[in-house]
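Understanding the architecture of this molecule
For reference, the chains in residue letters:
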Amino acid sequence: MNRHKHPPAPLVLASSSPRRLQLLEQIGIYPDRLLPAGIEETPERKELPRSMARRLARTKAEVAMRAAQRDPALEGAYVLAADTAVAVGRRILPKPEVTEEAAACLRLLSGRAHRVYTAICLMTPKGAARQKLVETRVRFKRLSREEIDTYLASGEWQGKAGGYAIQGRAGAFVVKLVGSYSNVVGLPLFETMSLLSGEHFAVYEKWLEPA
């Protein structure tokens, strides 16, 4: 007698980031829905980078979970959210939208080490929140004015934490990286997989689904 097999629970990604979606797809996980939270992402007064990342990831997950619960097609869904912060010491760098802001970030990062924190938050179908925070240390080469100006002209920095995208041209600036590379891109894959499988999300069943 064959047992009835329940389909895997839906997965919601609380992000509009194409990088996070690509990273999930890289490990064979295709979210059933994207529900970006659209929250205010500025740090609170004297907030530490790791604290901000944790707070924002949790808030994004909670907002997306509330949206998912209003959709019958997403009954029993898991919700995954993440937030990435780039910091020099306690100073949290912005996600620049204007060239001057991005130039200030690059000048600050030039020739020195910084840290990238990504917090991930998984909301389970029962409403539990599970979080992990991952830290990666990155050192940039000393950047010439020409390198900064040319990178700014590429537009690749727009909306990126710290004013750069390591998976793009700025990868040429990285002298040393200690920790998770995918964390710097925006989603630490080992920790994400551990969180999902630890909460009984059918990770490997997703691998067997057609892409």
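Use the structure listed above.
Rules used throughout
- Residues numbered from 1 in each chain as written.
- Predicted model: local features only at pLDDT ≥ 70, side-chain atom pairs only at ≥ 80, totals over all residues.
- Heavy atoms only, no water.
- Core = buried A, V, L, I, M, F, W, Y, C linked by side-chain atoms within 4.5 Å.
- Buried < 20%, exposed > 50% of the residue type's maximum accessible area, 1.4 Å probe, protein only.
- Helix = DSSP H or I, 4+ residues; strand = E, 2+ residues; numbered from the N terminus.
- Contact = heavy atoms within 4.5 Å.
- Pairing = 2+ DSSP bridges.
- 1 Å grid on protein atoms, 1.4 Å probe; cavity = no way out; pocket = protein on both sides within 12 Å on 5 of 7 lines; lining within 4 Å.
- Points joined across faces, edges and corners; volume = space filled by probe spheres on them.
- Nonpolar A, V, L, I, M, F, W, Y, C, P; charged D, E, K, R; others polar.
- Phe/Tyr/Trp six-rings, centres within 6.5 Å; stacked < 30°, edge-to-face > 60°.
- Salt bridge = Lys/Arg side-chain N within 4 Å of Asp/Glu carboxyl O.
- Polar contact = N/O pair within 3.5 Å; in protein donor to acceptor, adjacent residues only side chain to side chain.
- Axes fitted to C-alpha atoms, helices over the stretch in contact; angles between N-to-C directions.
- Parallel < 35°, antiparallel > 145°, perpendicular 65-115°, else oblique.
- Left-handed = near helix turned anticlockwise from the far one by under 90°.

Bringing the nonpolar core into the picture now. Among the nonpolar cores identified, the biggest contains 43 residues, and Ile29, Leu106, Phe140, Tyr151 and Tyr164 are the most heavily contacted of them. Among the elements that make up this core, the one with the highest residue count is helix α3 (residues 99-109) (six residues). Look past the residues within four positions of leucine 106 in its chain and what remains in contact with it is Phe140, Leu143, Ile148, Tyr151, Leu152, Gly163 and Tyr164.

Remember that side chains alternate between the two faces of the sheet whenever the strand is regular. Most of strand β5 (residues 113-123) sits inside the fold, with nine of its eleven residues counted as buried. Pairing of strand β3 (residues 78-88) with β5, which is carried by nine bridges, proceeds in the antiparallel orientation. Directly across from alanine 82, in β5, lies its bridge partner isoleucine 120. Two elements, β5 and strand β6 (residues 129-140), share eleven bridges in a ladder whose sense is antiparallel. By the bridge assignment, isoleucine 120 is partnered in β6 with lysine 132.

Let us now look at the layout of surface pockets. Reported here for the largest pocket is a volume of approximately 430 Å³. Surrounding the largest pocket, 26 residues form its lining, Ser17, Arg19, Arg20, Lys95 and Gly159 being those nearest its centre. Counting residues per element, the ones that place at least two in the lining of the largest pocket are α1 (18-26), β3 and α5 (181-185). Its residues assigned to classes, the lining of the largest pocket shows twelve nonpolar, eight polar and six charged.

With the rule as written, the count across this model stands at four aromatic pairs. Here the aromatic rings of phenylalanine 140 and tyrosine 164 are separated by 4.8 Å at their centres, their planes lie at 65°, and the arrangement is edge-to-face. You can see phenylalanine 140 sitting in strand β6 and its partner tyrosine 164 sitting in the loop between α4 (145-154) and β7 (174-178), a full 24 residues away along the chain. By relative accessible area, which is 1% here, phenylalanine 140 ends up buried. Residue tyrosine 164 is classed as buried on the basis of its relative accessible area, which comes to 4%. Joined through ring pairs, the aromatic side chains of Phe140, Tyr151, Tyr164 and Phe173 make up one cluster.

Turning our eyes to something else, we now look at the pattern of salt bridges. Taken as a whole, this structure holds 14 salt bridges when the rule is applied. Between arginine 50 and glutamate 135 there is a salt bridge, with its nearest N and O atoms 3.0 Å apart. Of the two residues, arginine 50 is situated in helix α2 (residues 49-69) and glutamate 135 in strand β6; the sequence distance between them amounts to 85 residues. According to the relative accessible area criterion, glutamate 135 is partly exposed, its value standing at 29%. The closest approach of N and O atoms between aspartate 149 and arginine 145, which form a salt bridge, is 3.8 Å. Here the residue aspartate 149 and the residue arginine 145 both occupy positions in helix α4, the gap between them amounting to four residues, near one helical turn.

With respect to the helices and strands, the residue lysine 60 is situated in helix α2. Residue classification places lysine 60 among the buried residues on the basis of a relative accessible area of 6%. Only 3.0 Å separates the side chain of lysine 60 from the backbone oxygen of alanine 82, close enough to count as a polar contact. Once residues within four sequence positions are removed from consideration, lysine 60 is found in contact with Ala14, Arg20, Ala37, Ile39, Glu41, Ala81, Ala82 and Asp83.

This brings us to the packing of α3 against α4. Look at α3 against α4: their axes get within 10 Å of each other, and the N-to-C directions meet at 140°. In terms of orientation, α3 lies oblique with respect to α4. Judged by the twist between their axes, the crossing of α3 over α4 is right-handed. Counting all contacts with α3, which are made through Thr99, Ala102, Ala103, Leu106 and Arg107, the residues of α4 involved are Ile148, Tyr151 and Leu152. Across the contact of α3 with α4, the residue classes tally to six nonpolar, one polar and one charged.

In short, shape yes, function no, at least from these values alone.
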